[in-house]
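# Observations on the three-dimensional arrangement
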Amino acid sequence: MGPPVLRIWRLLAIPLRIIGPALGAACALLAPGPVSAQDTEAAFRDHPFLLFDEADSRTADVSLGDLDGDGDLDVAAANGRHWPQQDWLFLNAGDGRLLEAVPLGEVRSTSYTIRLGDLDADGDLDAVVVRDTLPALVYFNDGKARFTLHSAVPDSAIPSRSASLLDLDGDGVLDLVVAARRGVDPVHYGLGGGAFAQPVGLPDEGFGSTGLAPADLDGDGDTDLVLGRRDGAASVVFVNQGGRAFEPRPLAGSKGDHRKAVTDDFDGDGRPDIVLVSTKGPHKLYLQKSDGSFGSPRLFGEGGAGIQSIAAADLDGDGDIDLVAGVDGANLVLRNAGDGRFAAEELPGDPADTYGVAVGDMNGDGLPDIVFANSDAPNAILLGVAPAGD
């Protein structure tokens, strides 16, 4: 790939690229001129104005939230992975274009993810930056996307790969759980006011965790955890027993190289299911049984592309949950037939090394859009396109 300026010029010289089933397009987004016959089959569109961050940024993850209080979704980009780089907050102009960027923190470091939540109870979104081999950092937001460093999370300098910020113990305070590449996966229970306690390890020997998916899997009102693991380790469901106790339940047939996990109801039976994805394939769907257990996985993507990141959403408005997959190459939509069987379609945009995926309505039109975190390439937004007549 050439220098960024040359790459942008090349993109400007070609039409918007599109992909999807016969949904139709109501208009040509971000570009003048009539809608072509090809455009009537669009589901998502890319455009050079929707690229953001530098081409040499090693972005590991993106998180979406209204950071400046103007009612639209902004983007927090965690940059670096194993190398020190600057984290950025990209502010949405309201139409999905990120026209302003604010640095998060004064020091470049090895960030893997940024998790957003109201840590100081003032009504806006604060941030926890989780880093590789360095302590996680807590930043307070003044409500206008001006963040100040508050504190470091105690004893959090571990090889972190993912995290979630959520209330695990039901006390109304956000807790931080981290997927550790080596060693036991820690939980830092929130103390209020942006402070966190010393880590408490999840109850197994734990190694190779890179994916983390929280969900109420058993319907008892609290949040359980799914850890996707590499290095030949079994991925594990940690069932929340209440009182800060968790029961580990390894997933059958899950030993291998599973980088990420996601949960949702993929077969429409009202029970949450689990997807594990691998950089080598195949990928695994665990359908929850009526007794709450997970049996042997259903395989998909045999012989296809390895997947590095995954998100779940109803991308085509048909009422079932699809997947969007970030790969090292052309990214994919995995469209659900309604029963948890997926058909892969390539998404528009230049192939990239995609480490993170997020889905949200970036331009306020009520349709899901996709945000990709790319390493050594600009990050990208794909805008959803409405069916004809909408």
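Residues numbered from 1 in each chain as written. Predicted model: local features only at pLDDT ≥ 70, side-chain atom pairs only at ≥ 80, totals over all residues. Heavy atoms only, no water.

## Some thoughts on the nonpolar core
- In terms of nonpolar packing, the biggest core is built from 15 residues, with F266, V275 and L323 touching the most fellow members.
- Looking at this core, the elements that each hand over two or more residues are β23 (273-278), β27 (322-326) and β29 (332-336).
- Look past the residues within four positions of F266 in its chain and what remains in contact with it is D273, V275, L285, A312, I321, L323, N336, G338, D339, G340 and F342. (Core = buried A, V, L, I, M, F, W, Y, C linked by side-chain atoms within 4.5 Å. Buried < 20%, exposed > 50% of the residue type's maximum accessible area, 1.4 Å probe, protein only. Helix = DSSP H or I, 4+ residues; strand = E, 2+ residues; numbered from the N terminus. Contact = heavy atoms within 4.5 Å.)

## Considering the side chain of T59
- Structurally, T59 is set in strand β4 (residues 59-65).
- In contact with T59, not counting residues within four places along its chain, are D53, A77, A78, N79, Y355, A373, N374, S375 and N379.

## Examining the confidence of the model for the chain
- Mean pLDDT over the chain works out to 89, with 88% of the residues at or above the 70 mark.
- Scored below 50 in pLDDT, residues 1-42 makes 88 contacts in the model with residues more than four places away or belonging to other chains. (pLDDT = per-residue confidence, 0-100.)

## Focus on the pairing of strand β7 (residues 98-109)
- As paired elements, strand β6 (residues 85-92) and β7 share seven bridges and run antiparallel to each other. Its bridge partner being in β7, N92 is matched across the sheet by L98.
- Where β6 folds back onto β7 in an antiparallel hairpin, the turn is made up of five residues, including G94, whose phi is positive at roughly 110 degrees. (Pairing = 2+ DSSP bridges.)

## Quick look at the packing of aromatic side chains
- Scanning the model with the defined rule gives three aromatic pairs in all.
- Ring geometry for F52 against F90: centres 4.9 Å apart, planes inclined by 65 degrees, an arrangement best described as edge-to-face. Residue F52 is located in strand β3 (residues 51-52), and its partner F90 is located in strand β6; the two are separated by 38 residues in the primary sequence.
- Look at F90 and you get buried, because its relative accessible area is 6%.
- Aromatic pair F300 and F342: ring centres 5.2 Å apart, planes at 50 degrees, arrangement tilted. Placement of F300 in strand β25 (residues 298-300) and of F342 in strand β30 (residues 342-346) is noted, with a sequence separation of 42 residues between them.
- For F342, a relative accessible area of 16% puts it in the buried group.
- Every member of this aromatic cluster is reached through a ring pair, and the members are F266, F300 and F342.
- Against the face of W83 rests R58, its NZ or CZ located 4.5 Å from the ring centre.
- The residue whose ring lies beneath R244 is Y189, and the NZ or CZ to ring-centre distance is 4.0 Å. (Phe/Tyr/Trp six-rings, centres within 6.5 Å; stacked < 30°, edge-to-face > 60°. Lys NZ or Arg CZ within 6 Å of the ring centre and 35° of its normal.)

## Examining the pattern of salt bridges
- One pass over the structure, following the stated rule, counts 16 salt bridges.
- Notably, a salt bridge pairs R335 with D316, separated by 3.4 Å at the nearest N-O pair. Residue R335 is located in strand β29, and its partner D316 is located in the loop between β26 (309-313) and β27; the two are separated by 19 residues in the primary sequence.
- Judged by relative accessible area, which is 9%, R335 ranks as buried. (Salt bridge = Lys/Arg side-chain N within 4 Å of Asp/Glu carboxyl O.)

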